[in-house]
Each structure stands twice: as C-alpha cells, then as structure tokens.
Amino acid sequence: MCKVFQDKGSVGCQTMATMSSERQNPTAAEMLLDGYPLELLDGDASNIPEKWVTAVLMELHKKVGEKSRLIVLTVLGVQSTGKSTLLNTMFGVHFPVSSGRCTRGAYMLFIKVGDDTQIELGCDFILLIDTEGLKSPDLAQLEDSYERDNQLATFVICLSDVTIINIAMENATEMKDVLQIAVHAFIRMKRIGKNTICHFVHQNVAGVSAHAKNLTERQHLLDQLNEMTQIAAEMERQPSIQAFTDVLNYDLEKNNWNIPGLWHGTPPMAPVNTGYSEAVADFKKNLLETVVKEISNDVSKIPDFLEWMRSLWKAVKYENFIFSFRNTLVAHAYDNLCKEFAQWEWEMRKALLIWQTAAESEILNANNEDEMERLVTLKKSKLSEEIELQKSIFNGKLSDYYREKDRCVKLVEKYKTDFFNSITSLSNDIENSVNAQLDRVLEVKIGLKKAQNIQQEYCGVIEERVMKLLHDFKNVTLSDDQLREEFDKMWTTATANVPRLKEQPIPAYILAMLKRNFSNRNVNEKLRPIKSLKGFGRDRFKARTDHVESISKKIKIFWKGDLQIFADNVIETATQFILDITKSNSDYHDSFSRDLLQRVDELLVEGYDRHKTNTQFDIDIKLHICDIAAREFLKQHQRFLSNNDPRVQLEKYKHQYLLDFLDLYKKTDHSQRKANDFVQLCIKPAIEDCINKSLGTGIVDEIVTGSLSMMYSLPSCFQYNIQKDLLLKDDFDTFVKYICHYETYLKKKILLDICQAMRKDNTLYKLQKMILEIVVVKILNAMKEASNMQSDDDANILKLVIKMRNNLIKDMVISEEAQQCTLFQIQTTCKSFTQSFIASLNTLKETLLVEFSNNENITETLNKLESNPQNVLFRRVVGCGQQCPFCKIPCEAGGKEHKQHHAAVHRPQGLARYRDHSTQLLVESLCTTDVQSNSNFKNSLTRKEWVRYKDYSTIYPDWHIPPDATMEASNYWKYVLVRYNEQFASEYDAKPANVPYEWKKITQKQALQGLKEAFNIK
C-alpha cells in the first residue's frame, strides 16, 4: 500500500500522488484498518520512510481514539521457507507469497483484536511484521548483502514482542549466521529490560510423530544456541550470561514447533497437506497463551512504538555487524586467503601493465592525429575485453581455492562474496586508470607530433641543401676543412628560421586550477587578488591559530604544535607526489595539478576531522604546495622543451649530416657507419626505453616472489616486520619518524628494501640483462622477418627498416627523425646493411651489459623507470592509510572499500601526542583498554564535551577498536613508552607519562613476543 502513496512516479497512481498529505494519511490509515500491509522498511533502499510511517500510524492512533495497544509479532528466516504463508495461515491475512524474493524489506499489517479477547491479551491490535527472506541468492553478489541481512534481522527482532524464527530443514545450515545475530539482539533487549518471546518453527519436517528424533534435533539446536550465546555475551561484555536460557524463557518442548510441508508432492498439481493447517493452528494457540502469560502486561501504544522504531533504526545504522576475527583458525584462514588473493591481484595487474605498455607503443608509433585517435578508441574497446579475460581468470582462481577442502575455506566462506566483489572493483579501477593513461599518451603524442613535423620539415630542407652542395662541388676539389666550412654556412642558413617550442605559463595554469578547486566554496574574494604563486612556498609553512575554529586559548596552543606536524606531513607527502610525477620525461599536463589537488584534499580530510581546520588553512597550505608544484612542473616543462625543441634536435644530427656530406663527396663506402649510426641513434634509445618500462614490473615481481615475499604479502605481515625492525634497531628518532611521518617513513623503508634486494646477488643486473636479451631477440627476429621479404641485393634500405619497425610496433618506439637522418642517402644492399646492423646490435648489447654491471647507483636507475616499484609496493602493503584516531596506529584491514578500519595492536595514546589537559602528562592508557572502561575523552570533534570511550563509535563510526584480547598483546608499545618516556615528552613538549610499575618489568624479549601474539606469528 505504501508504494501507492510514496512513489509519485508510479504508473496508475497519478491521482493518488497528487493528493495532499492531509488527504493521504487518513486514507492510508483506513486501509491499514482494512487489513492492507504497509511498507515499514524499504527493501530496495534499505531505509525506513520515517516521516511517512509516523504520519500514517499517528493518524491511525487518532482514528481509534488512542486505543492502540500493540503486540508486535515478527517472522524471520531464509528466503523461500514459507514465512508469509505461515502468517497468512495463522491469522487469515494476505501477505504476498511466491517462490523467490516475493517480499522486499519488511511490511507490517494491523489485526484488530476482538472485544472479547482484548482484556485477555491486553492489547487492541496485533501488529504482524513480514520480512524479506535472508540469504537471498538475488542479493548474494552485492558487497553489503551480509551486513544488510544482519541489519534487517537485528531491527525486526528488537522491534518485536514475539519473534518466530522460521527454519526449513533444507536451509538449516544457512540459518546459523541468522541465529548468531539473533542471539546478539536478544542479549541487548534483555540488557535494557525488554521482554521478548522467541519460537522456532521447523518447516517441511517429515514424520512429525517421530518425537525422539525431533527431540535430538531440538537438543542440537539448543547446544548451538548456548555456544553462540557464550560468544555473543563475551563480545557484549555480559559475563553473567552463559546459556541461551539466561537470555530468554526458553523451553525445549514449548518453544520448538515442527510443521509438515504445505503440499503433498510438488505444486501446483499436488494436493494441500491438511496436517500443515492443523500444526499451525496448534502453534498459534500455544503462542497466544504464552503472550498472555509473559507480555500482556507490558505492551506499548503507537507513539511509543514509533519512538522505539526511530531510536532503534538509528542504532542499527551505525552498528558494525561484521564480527572480528577472534578465532585464531579463522584469522589464519583469512590471512592465507588474503596472501593468495594479493598474489593473484599482482598477476592481473602485471598482465595488464604488459598490455598497456604494448598499447602505448602502438599509439606512439602512429603517424597522424586521426590514426592516433582511432587507435586509442580501438584500444579502449580491446581493454574491456582484456580486463574481462583477466577478471575471468582471477574469478576462476578464487573459485578453485574455495573448492579445496583442505584449506579451512569453510571458515571464511561468508567472505567469499566480498572477495569476488573486490575483483570487480579492482577491474573497474584498473580500467579507469589505463583509459586515463591512454588519453594522456595521446595528448603527449599530439604535442610531440608538432615538434616532430617541424624537425622533419627542416631535415628535408637540410637534405636538399646537402644535395645541392654536392651538385655545386661535383667537379671541384676541396679539402676537408673547406668542405666543413661550406657545410657550416649551409647549416646556418638552412636552420636560421627553425621555430622554437614556446614555453607555456605553467604557474598560471596551476593557479587557475587551484581557483577552480575552490570554486564551490565561496572563497573567490580571498583568491581573486592573488595573481602569482611566486613566494608562497619558499619558506617553511607555519600553522597559525586562525587556521582552526575558535576555541580556548590553551587548546589553541596545544593544537598549534600538533597542527604544524600535520601540515608538515601533508606538504612532505604532496612534495613527494610532485617529484614522482616530474621524474618522467613527458610534458606538463593539467591532469598533474588536478591529481595533486585531489590527493591534497584527501590528506586534508584528517585535518578537518582531527584539528577542525578551516578554509583559511586549506587556502594557505594549497598555495604553499602549488608554489612548489609550479616550480617543479615548470622545470619538467622546460626539460621537455629542451629535449624536443626542433632546433636542439637538429643540432644533435648536424654531425651525422656532415659525415654523410663528406662520404658522398668522396664517394666513400659508408654502409657500416650508417648501420652503426642507426643502431646508436635509433635502436639504443628504443632499447633503453623498453628496459625502463619493463624493469619496474620486474623489480616488483622479484620482491613479491623472492626472499621478501612474506613481508610484502599482507599489510599485517609488513607491519609486523616494520615494528620488529624498529624494536631491534632500538633508535628513538626512528620511532618518531614512524609515528609522526608514517607515509614518508614507509616509502623510504620500501626504497631501502628494494635497493638491498637489487644489490643482493646482482639481482638488478640480472633483471636488466634478462630484459635486454628479450628485446634484442625481438629486434633480430623482426629484422630477419623483414629481410626475408626482400632480396639480398635490394638497395631499398628504407623499405627494409620500415618493415622491421612494423614488426616491432607493439614492442618499442623508434624515432622517425633519427631514422630519417641516419638513413639519408644510404647506398648499400639489404644483405650488407643487415649484416652490419646485426654486428652493431651485438656490440651495443655488450656495451649496455658493461654499463649495467658498472652502475652502482640503484636509486638513479629507479628514478628513470616508468612504473615506480616503490609506489606499487607501498599501495600493496599500506592498506587504506588511515590511522587510529587515538593512538595513530595504521589500519590493517584488507581491500580499499572496507566498512571499518581496524588494527591488530594499539599503543599508548601519549605516543600520538595525547596528553592530560590539566597536567600536560602524556596519556599512558591504550585505547583498547579505554573502550571497556569508564574513562572519557574530548577533542575538537566532541566540541570540547566529554565523551565516554565506550561510546567512541559515535564520534569515529569508521573505526572498530575491540578490547584487548590479552594483556600481553600490547606489551610491545608499553615497552616502547617506558623505554623512551623522557624522549617522547621532550619531543612532544609535554611531561613524561605516569606509566604503571608493571610496565617497567617488560623486557625487549617480552615485547617481541607480544608483537608475535598480536599478529598471530608462530
């Protein structure tokens, strides 16, 4: 019924939709009284239309003279187990029934209680709630289906006086998760004093008379409920609850009902089973008797029901339903799956990186703009196909993993959908990233093409002038010096008017981008007077008191130091982001500034959440960062102009044209020299480019499969190794860098690991040699295939080279300008050129191997790479990058779309600069201890109001901070605080923490053991 009034766009409902709410509400209330169901929970939007439901029920409350005492009855169960049919049979109502998902969300229906039974039942209405089936196959692939089921189950159980849990025998296993959340809900209802009745209905039970067998099954159910109750009571911190009967008045006989199937055989031709109606009637009679005994004196009216509904829904929306990995077996099973998943993810990324490199080579080898644009469109279409292929392979590996029964996969069965969804999310991210890169390559190529066209045009002019000189001096005898003098005159004249590439006003572009970044925040008045970025980022950025919202002076002073460190970290991270971009030889592109500002916005979210920074802070820090970016991006642009300026490029080839002029004048055989020049000027840069594009992937592959594979397999493994290294190094400054400059420290540590791994056993040299050999083989095969298509005495060398290039179009980019210069007026046969080419290529190979062997500057080599292995590994192990709001420990949750952050072990809050406001002592307590205590905290987010740590989730709903699993788990950070208490106090401008005496007894060995326990390291 609610759809008729709520959905104003529904076909056939236009007249209803135009009614005013004053006319709708009475009509809807009348329909409720007539037995029509009202949608309580929108199954499509997972939301309650609170205003609508409240208006209709309050209208109903008025219509019945405020005589609206309610008993609320809910049925809950797996999809297609006959829930709606059960209610229809019990009360003669008409909830829709069908196979599959016939109910979406939850619907409520009012049954008027007759005058003769109102006194006995103690109510005026029985409110029936029919729910959507849980574990729906239609929703199983949705990322939040598990959480959705738990929200629905918790909400309707807590809303009801009577809960019927409907269990079909064929779905008994699937109901286990439902029972688990139901137990949590019942414990919470008991804690607030709300009486609840629960009945278990077992449907489709054959041989109802087999009492002994059913008794055994009921006892098994009770054992399961007791086990779940103990676990739930521990999580709910209710140690007095040990059994399900401690929560509810549960009787093995009276609270379990066996009901036979509705049909004799398979519908629709099968006859109805009369035993079904008889069993349902007995169940209804007993249920109402139980209601009279247990809750008839504790019923609520409609206004009370609505208030409870609103507060309950608010609580449910902010609850975390995905239970923690408390069980060690589950934790290991999950970690093992995560390790495999991370490896499969890298294999998919690597395959698509190889595909992307080949696609970029094709685009860069295109001859004109129309061909380039057509090629990019084609590649984007091919990319979708390639991603679907890799996604299918990935899905197959995950499916095969779950089929292997010897890996405890059943323990992580409920996360199967999450992992499949992660594959889909990864595929989408990679597709968007590669498409953006292809667009960027297209723009770079279009920009280069303009310079290349100018260069080719003037190469043609020079070649004509060289031929004219040869004609003019055909019968004249000149010395080498005279020939060089004539050539220089010609060169000066021919290149006098070569246009230079115009330098673009990069700082102005960045300033314009910054103003667009603030365009929707009404700050134009502050930014309009700024005409230049010059000077904003020269000196160190200083955080000021006017960068935060108005607070007491004492808090301002405290925050100022904390905010300065935050600002320094943002600037440091942004600067590294800029430097990573400017390492490449490409030209500046507006996407660089756009990506930079997007990254800064992500970093500044913490500033607002933690420090309550204002718009002035955002403006000042972005101006500072953009000035740094303007200088670095301008250098990159100038370097690009220098490398690609037509005049500069022509000067590089002046010597080659001079040698050609001299050889042609003297009629000297220059075939070997020309072949060597072609290899040096065309092939060598192409080979070096291939190595730089492939080496980054090879390095990552070596790290994740070599001796460091365990460390870089998971964020938790990485954190364990980092913290272990910190402990054994025993250096205070290193701890400060890790805590206060987290991202920078990790990237430096990863770089150090890469350098050490590459030095070990000459690994870098071996990788470079392997790639070089692969590339050389491809070139030799391409030349062989091209030469086979021409005769040995064919003198068309240009045709031969073009065929070779076409064979390598996906593998490398060979400069057309260099080719034009080196092959100018070449006079030899294909056989001779091929032999000279192969000899020069082999010589080049040996020369490069010597260079690789002698190169000891690994960092310089890494800076040249297209794919930065440091950043790839950082993304692999850093997780989402968020840190605990109290102790700054990094989040270790897998994937990037997790609902809540969590960490294996937290640390004393004083290490994250927290101090007592009155004494200025560093806080020694751990957040994992505080969340189960009566302690309070306050900060900018609490608006200076004290909030209990138990209620931390109201301020930080995206963090899950469980109580300490063991006292030993946090020994690591207790030891660190004790060891460096004085140094941390001095560093943070505070007083040393009052650490408990027992902490001082913790040894380094015990700290390391605690770390192992926290990360489940054996």
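All of the points below concern the structure found in this document. Think of each chain on its own: its residues are numbered from 1, step by step along the sequence as written. Confidence filtering applies because this is a predicted model: local features only for residues at pLDDT of at least 70, side-chain atom pairs given and counted only at 80 or more, and all residues used for totals across whole chains, interfaces and linings. Side-chain metrics in this entry use all non-hydrogen atoms of the structure; hydrogen atoms and water are not considered.

Describing empty space enclosed by the protein
Every definition here rests on a 1 Å grid over the protein atoms only: cavities are sets of points where a 1.4 Å probe fits but cannot get out, pockets are open sets enclosed by protein on both sides within 12 Å along at least five of seven lines, and lining residues have some atom within 4 Å of a point. Grid points are joined across faces, edges and corners, and a volume is the space filled by probe spheres set on the points. Within the structure shown, the criterion is met by five cavities of 30 Å³ or more. When its volume is computed, the largest cavity comes out at roughly 100 Å³. Tallied by class, residues from the lining of the largest cavity come to three nonpolar, four polar and four charged. Polar here means any residue outside two lists: the nonpolar Ala, Val, Leu, Ile, Met, Phe, Trp, Tyr, Cys and Pro, and the charged Asp, Glu, Lys and Arg; Gly therefore counts as polar.

Here we look at the side chain of Lys684
A run of H or I in DSSP counts as a helix once it spans at least four residues, and a run of E counts as a strand once it spans at least two, with each numbered from the N terminus. Within the secondary structure, Lys684 sits in helix α23 (residues 671–705). In this scheme, a residue with accessible area under 20% of its type's maximum is buried, one over 50% is exposed, and one in between is partly exposed, where area comes from a 1.4 Å probe on protein chains only. When charges are counted, Lys and Arg are positive and Asp and Glu negative, with His and the chain ends excluded. Salt bridges, as used here, are contacts in which a Lys or Arg side-chain nitrogen is within 4 Å of a carboxyl oxygen on Asp or Glu. Although Lys684 is buried, it makes no salt bridge; Glu851 carries the closest opposite charge, 4.1 Å away.

Examining the packing of helix α24 (residues 715–729) against helix α36 (residues 1004–1014)
To get an axis, fit a line to the C-alpha atoms, keeping to the stretch in contact for a helix; angles then go from 0 to 180 degrees between the N-to-C directions. Where α24 contacts α36, the two axes come as close as 11 Å, and the packing angle between them is 175°. Taken together, the axis directions place α24 and α36 in an arrangement best described as roughly antiparallel. Together, Tyr720, Gln723, Lys724, Leu727 and Leu728 of α24 and Gln1004, Ala1007, Leu1008, Leu1011 and Lys1012 of α36 make up the contact between the two elements. For the contact of α24 with α36, the residue count by class is six nonpolar, two polar and two charged. An angle below 35 degrees is read as roughly parallel, one above 145 as roughly antiparallel, one from 65 to 115 as roughly perpendicular, and any other as oblique. Whether two residues are in contact is decided by their heavy atoms, any of which lying within 4.5 Å being enough.

Quick look at the packing of α23 against helix α26 (residues 742–759)
It is the contact of α23 with α26, at a shortest axis distance of 11 Å, that shows an interaxial angle of 90°. With respect to α26, the axis of α23 lies roughly perpendicular. Along its contact with α23, which presents Ile699, Glu702 and Ile703, the element α26 presents Ile754, Ala757 and Met758. Classifying every residue of the contact of α23 with α26 by side-chain character gives five nonpolar, no polar and one charged.

Remarks on the packing of aromatic side chains
The aromatic pairing rule takes the rings of Phe, Tyr and Trp, using the six-membered ring of Trp, and pairs them if the centres are within 6.5 Å, calling planes under 30 degrees apart stacked, those over 60 edge-to-face and the rest tilted. Using the criterion set out here, one finds 39 aromatic pairs in the structure. Considering the side-chain rings of Tyr588 and Phe633, the 5.5 Å spacing of their centres and the 45° angle between planes classify their relative orientation as tilted. Here Tyr588, found in the loop between α18 (553–582) and α19 (590–611), pairs with Phe633, found in helix α20 (residues 615–644); they are 45 residues apart in sequence, far enough to count as distant. With a relative accessible area of 0%, Phe633 lands in the buried category. Here Tyr657 and Phe824 contribute two aromatic rings whose centre-to-centre distance is 5.7 Å and whose plane-to-plane angle is 65°, an arrangement assigned as edge-to-face. With Tyr657 in helix α22 (residues 654–666) and Phe824 in the loop between α29 (816–822) and α30 (830–854), the pair connects residues that are 167 residues apart, well separated along the chain. Side by side, Tyr657 and Phe824 carry an identical accessibility label, which is buried. Ring pairing ties together the aromatic residues Phe732, Phe735, Tyr738, Tyr742, Tyr745, Tyr972, Trp973, Tyr980, Phe984 and Tyr988, which thus form one cluster. Across the ring face of Tyr402, the terminal group of Lys416 is positioned such that the distance to the ring centre comes to 5.2 Å. The rule for a charge over a ring is simple: NZ of Lys or CZ of Arg within 6 Å of the ring centre, and within 35 degrees of the ring normal.

Points about the environment of Val976
With respect to the helices and strands, Val976 occurs in helix α34 (residues 971–979). As a C-alpha pair, Val976 and Leu911 span 65 residues in sequence and 9.1 Å in three-dimensional space. Each residue touching Val976, except ones within four places of it in the same chain, is listed here: Phe735 and Phe984.

A few points about the pattern of salt bridges
Evaluated as defined, the whole model comprises 35 salt bridges. A salt bridge links Arg349 to Glu345, with the shortest nitrogen-to-oxygen separation between them at 3.2 Å. Taken together, the residues Arg349 and Glu345, both in helix α12 (residues 328–364) and four residues apart, mark about one turn of the helix. Of the charged contacts, one joins Arg599 and Glu602 as a salt bridge, the two residues approaching to 3.3 Å between their closest N and O atoms. Linking Arg599 with Glu602, this pair stays in helix α19, spanning three residues, or about one helical turn. Arg599 gets classed as partly exposed once you look at its relative accessible area, which sits at 21%. Residues joined in a network through salt bridges with shared partners are Asp660, Asp663, Arg673, Lys674 and Asp677.

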